[in-house]
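# Observations on the model geometry
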Amino acid sequence: MSDPAALATTPEQQSLQDRLKASALQEGAGLVVMLLIILVVMSLLSPYFLTARNFSNLLLYSSAMGIIAMFTTMLMVGGGLDLSVGSTAALVGVVISQNHNSLGVWGAVALGLVVAIVVGLINGFLVTRVGINALITTLGMFSVVRGLAFVFSGGLTELMLDETFGELGRGEVAGIPMPVIVFAVATIGCAIVMRTTQYGRAMYSIGGNETASFLAGLRTKRYQMIAFVLSALSAGVAGILLTSQQGAGAPQAATGLEISVIAAVILGGTSLAGGKGTILGTLIGVLILGTLTNGMILLGVSAYYQQIAQGLVLLLAVGMDQLRTRSEA
């Protein structure tokens, strides 16, 4: 069967793709330099920064953000956006902690993943079928889902002391924390999908020009629906790992996670307008944010100032995206 995305490629589009690849390489090099500068500065400011244990902690801290960021990249390349991922992660944790006694740990985990998929289906349905703007839809779901987490938990944190479940978030394989392994698998899997599959090519095409993609034969709404479900499912997986790490399900968990995810994705070169972005760029964006936060923790910077820094990074990333968009227009 012919690939509609491939059929839609003209010499002019190929030339544009070549220019975008060259631009992506330049941006990638700039991001690597930025990461190296941050690493050097932090190593000079803190004697504890350049240690194997600290790098393990840095990757562990970045795992939940990174897992979601990979699938958010897919979604944003296709022109979507999901602000409900942090709330979804918290709700999944609450569902697991509230039901593990009656359903068993793995039954509760399965129920949590089903809940995440339902959140993704609702987001996708409202955006692709009803036609509500993705920003408004997921902002509304951000509030609804977080509220449900507080309702189901009564606002209380529920302990989960199952040792097997605890291994998901606190266990190691060959000295590598389990969440870091999941992060690596998600990164490699998403990179392969975006670079080598029809789904990946379709998401770039839809984000670049949804109408033209539809006229070329792509089922644009189906592809976008899948992206919303995958985004919510990745938040569910992150919620499971966070609940396992903390040994408890808390309705206030993962607060602000959606801001970190979007900042990392945009900082990595993914355009808010869609049609542009790479998994490698997002990986570097995640590492930059993770390194900054880790360094500030080592330096004893107040959590309030960390929030300010995170907001400034998001503004910087969005500003860079706007400059890139104007230069390519």
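Here goes a summary of the coordinates provided. What you are looking at is a predicted structure, and each value in this text was computed from that prediction instead of being measured. (Residues numbered from 1 in each chain as written. Predicted model: local features only at pLDDT ≥ 70, side-chain atom pairs only at ≥ 80, totals over all residues. Heavy atoms only, no water.)

### Some remarks on the overall build of the protein chain
- When its secondary structure is counted, the protein chain shows 14 helices and four strands.
- What you see for the protein chain is a C-alpha radius of gyration of 20 Å, in line with the 20 Å of a compact globule of 329 residues.
- Dimensions of the protein chain, computed from C-alpha atoms along their principal axes, come out at roughly 60 × 50 × 35 Å.
- Each of the 329 residues in the protein chain was classed as buried or not, and the buried ones make up 47%.
- A separation of at least 24 residues holds for 80% of the contacts in the protein chain among residues at least 6 apart in sequence.
- For the protein chain, the accessible area works out to roughly 15,500 Å², and carbon and sulfur atoms hold 68% of it.
- Looking at charge distribution, the protein chain has the averaged site of its 14 positive side-chain charges lying 8 Å from that of its 14 negative ones. (Helix = DSSP H or I, 4+ residues; strand = E, 2+ residues; numbered from the N terminus. Rg over C-alpha atoms; globule rule 2.2 N^0.38 Å. Buried < 20%, exposed > 50% of the residue type's maximum accessible area, 1.4 Å probe, protein only. Contact = heavy atoms within 4.5 Å. Areas by Shrake-Rupley, 256 points an atom, 1.4 Å probe, with all protein chains shown as cover. Lys, Arg positive; Asp, Glu negative; His and termini not counted. Charge placed at Lys NZ, Arg CZ, Asp CG, Glu CD.)

### Remarks on the packing of helix α5 (residues 105–130) against helix α6 (residues 134–153)
- Packing of α5 against α6 leaves a shortest axis separation of 9 Å and a crossing angle of 150°. Judged by the inter-axis angle, α5 sits roughly antiparallel to α6. Classified by chirality, the crossing of α6 by α5 is right-handed. Residues V119, I122, N123, L126 and V127 of α5 form the contact with α6, whose participating residues are A134, T137, T138, M141 and V145.
- Taken together, the residues of the contact of α5 with α6 sort by class into seven nonpolar, three polar and no charged. (Axes fitted to C-alpha atoms, helices over the stretch in contact; angles between N-to-C directions. Parallel < 35°, antiparallel > 145°, perpendicular 65-115°, else oblique. Left-handed = near helix turned anticlockwise from the far one by under 90°. Nonpolar A, V, L, I, M, F, W, Y, C, P; charged D, E, K, R; others polar.)

### Notes on the layout of surface pockets
- Taken as a whole, the second largest pocket encloses approximately 660 Å³ of empty space.
- Contributions of two or more residues to the lining of the second largest pocket are made by α3 (52–77), α11 (220–246), α12 (257–267), α13 (279–298) and α14 (303–328).
- The residue inventory of the lining of the second largest pocket, partitioned by class, reads 17 nonpolar, 13 polar and no charged. (1 Å grid on protein atoms, 1.4 Å probe; cavity = no way out; pocket = protein on both sides within 12 Å on 5 of 7 lines; lining within 4 Å. Points joined across faces, edges and corners; volume = space filled by probe spheres on them.)

### Here's the deal with unusual backbone geometry
- Phi is positive for A174, close to 55°, though the residue is something other than glycine.
- With a phi angle near 60°, A254 is a residue other than glycine that sits in the positive phi range.
- Within the secondary structure, A254 sits in the loop between β4 (248–249) and α12.
- Residue A254 is classed as buried on the basis of its relative accessible area, which comes to 17%.

### A few points about the packing of aromatic side chains
- Under the counting rule described, the total for this entry stands at three aromatic pairs.
- Seen from their ring centres, W106 and F165 are 6.4 Å apart, and the 65° between their planes marks the pair as edge-to-face. Taken as a pair, W106 in helix α5 and F165 in helix α7 (residues 163–170) lie far apart in primary sequence, 59 residues in all.
- Since its relative accessible area comes to 46%, W106 is described here as partly exposed.
- With relative accessibility at 1%, the residue F165 sits in the buried group.
- Arranged with centres 5.6 Å apart and planes meeting at 50°, the rings of Y199 and Y223 form a pair that is tilted. With Y199 in helix α9 (residues 198–208) and Y223 in helix α11, this pair connects stretches of sequence that are 24 residues apart.
- Judged by its relative accessible area of 14%, Y223 is buried. (Phe/Tyr/Trp six-rings, centres within 6.5 Å; stacked < 30°, edge-to-face > 60°.)

### Overview of a nonpolar patch on the surface
- A contiguous nonpolar patch, built from V33, I37, V41, L45 and L299 and spanning about 420 Å² of accessible area, is present on the exposed surface.
- By secondary structure assignment, the location of I37 is in helix α2 (residues 11–45). (Patch = residues over 30% accessible without salt bridge, like charges linked within 9 Å, V, L, I, M, F, W, Y side chains within 5 Å. Salt bridge = Lys/Arg side-chain N within 4 Å of Asp/Glu carboxyl O.)

### A closer look at empty space enclosed by the protein
- Per the stated rule, a full pass over the model turns up one cavity of 30 Å³ or more.
- In this model, the largest cavity occupies a volume close to 40 Å³.
- What lines the largest cavity is simply A89, A90, G93, V94, G239, L242, T243, Q246, G249, A250 and A253.
- For the lining of the largest cavity, the secondary-structure elements that each account for two or more residues are α4 (85–103) and α11.
- Split into classes, the residues belonging to the lining of the largest cavity amount to six nonpolar, five polar and no charged.

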